[in-house]
Amino acid sequence: MTQAASSQPSVDELREKVALACQILAQHGLVKGSTGHVSTREPGTDNILVRGRPRSDRGLRFAEPTSIMRVDLEGQPVGDNSGVNRVSEIYLHTDLYKYRPDVNAVIHAHPPGVLLCTMNRVELRPIFSGFEPGAMRIALNNEAPIYDRSITLQTPAETAPFLDLMANHNMVMMRGHGIVVAGRTVEQAITRALALENLARVNWLAHLGGGAPDISDEDKAEWRRRSRDPSRPDREGGSWTGLVAMLEHGALRADSIGLGAHFG
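The structure presented is a predicted model; accordingly, all values stated were derived computationally and were not measured. (Residues numbered from 1 in each chain as written. Predicted model: local features only at pLDDT ≥ 70, side-chain atom pairs only at ≥ 80, totals over all residues. Heavy atoms only, no water.)

*Asks:* Even after reading the chapter, I still don't get the sheet that holds strand β1 (residues 37-41), so can you show me in this structure?
*Replies:* What holds strands together in a sheet is hydrogen bonding between their backbones, with the strands either parallel or antiparallel. Pairing within the open sheet is mixed, and its seven strands lie in the order β3-β2-β1-β4-β7-β6-β5. Each having just a single partner strand, β3 (68-72) and β5 (146-147) make up the two edges of the open sheet. Alignment of strand β4 (residues 105-109) against strand β7 (residues 178-183), held across five bridges, turns out to be antiparallel. The residue of β7 that forms the bridge with Ala105 is Gly183. (Pairing = 2+ DSSP bridges. Helix = DSSP H or I, 4+ residues; strand = E, 2+ residues; numbered from the N terminus.)

Following this line, the structure appears as structure tokens:
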């Protein structure tokens, strides 16, 4: 076995990671009940591993590796999936993988902060900095455009216009529906989804308070300068260990913006 092959995670490890990602989304309030799903590529194949609907579905907060099924890039089940059924929005995953060979993980969720902002046309602006660098990047670079349809995309034909928008973005908000987030890894996709929702929640709360100005142009310029500094590590995905530790602590909910606000 080559070194490259031996470094690839096993299917069991990937199932565990996808299940943990589902639990993290639920703990932070980005999904509720059994709606929402996470997927990742199965290395060396044309298959993906995606959270499905088991016979006894306790929801994403209690997702288990056995609820992660294998499908091909046409959305068809592969092998024995032990009675787990595929989700209706499977083409958000499969067709995005076909469209974007650089993507190895996809999240679809329905975070309430994004829902409130898109329904009320509240723009996600750079009104804060410091504790959430990922959110600042999203706001400054307009990294999360809005897809104006809110329907559930259940067919390749329905999904195709959405993918046209997702071709050049790793995050898209669906007005009055939710988000789709892509990443090189599950860890990166989770970090991006949490940052996007934190940005939306802060902007929504500021909107309720009458609005807030952007941070200064000077601070925007300094943030951009620092983000281009090659000596600064890329922290996307770096919080995975801490997020898993929060799950192990046993808390059912996490207030990740620290404002005492609970959504969902």
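*Asks:* Help me understand the layout of surface pockets, please; the structure alone is not making it clear to me.
*Replies:* If a probe as big as a water molecule is rolled over the atoms, it shows which places are left empty. Its boundaries defined by the atoms lining it, the second largest pocket holds a volume of some 200 Å³. Contributing to the lining of the second largest pocket are 15 residues, with Glu123, Leu124, Asn142, Ala144 and Met173 lying nearest its centre. At the level of secondary structure, the elements contributing two or more residues to the lining of the second largest pocket comprise α4 (112-119) and α5 (133-141). Among the residues making up the lining of the second largest pocket, the classes are represented as nine nonpolar, two polar and four charged. (1 Å grid on protein atoms, 1.4 Å probe; cavity = no way out; pocket = protein on both sides within 12 Å on 5 of 7 lines; lining within 4 Å. Points joined across faces, edges and corners; volume = space filled by probe spheres on them. Nonpolar A, V, L, I, M, F, W, Y, C, P; charged D, E, K, R; others polar.)

*Asks:* I'm lost on the pattern of salt bridges in this one. Help?
*Replies:* Where charged atoms from two side chains of opposite charge come close, those side chains can pair. Enumeration according to the criterion identifies 13 salt bridges in this entry. Glu187 serves as the salt-bridge partner of Lys17, at 2.6 Å between the closest nitrogen and oxygen. Of this pair, Lys17 sits in helix α2 (residues 11-27) while Glu187 sits in helix α7 (residues 186-208), and the two are 170 residues apart along the sequence. For Lys17, a relative accessible area of 24% puts it in the partly exposed group. Classification of Glu187 by relative accessible area gives buried; the value is 18%. The salt bridge involving Arg226 is made with Glu222; its shortest N-O contact spans 2.7 Å. Here Arg226 pairs with Glu222, and both are found in helix α8 (residues 217-227), just four residues apart, close to one helical turn. (Salt bridge = Lys/Arg side-chain N within 4 Å of Asp/Glu carboxyl O. Buried < 20%, exposed > 50% of the residue type's maximum accessible area, 1.4 Å probe, protein only.)

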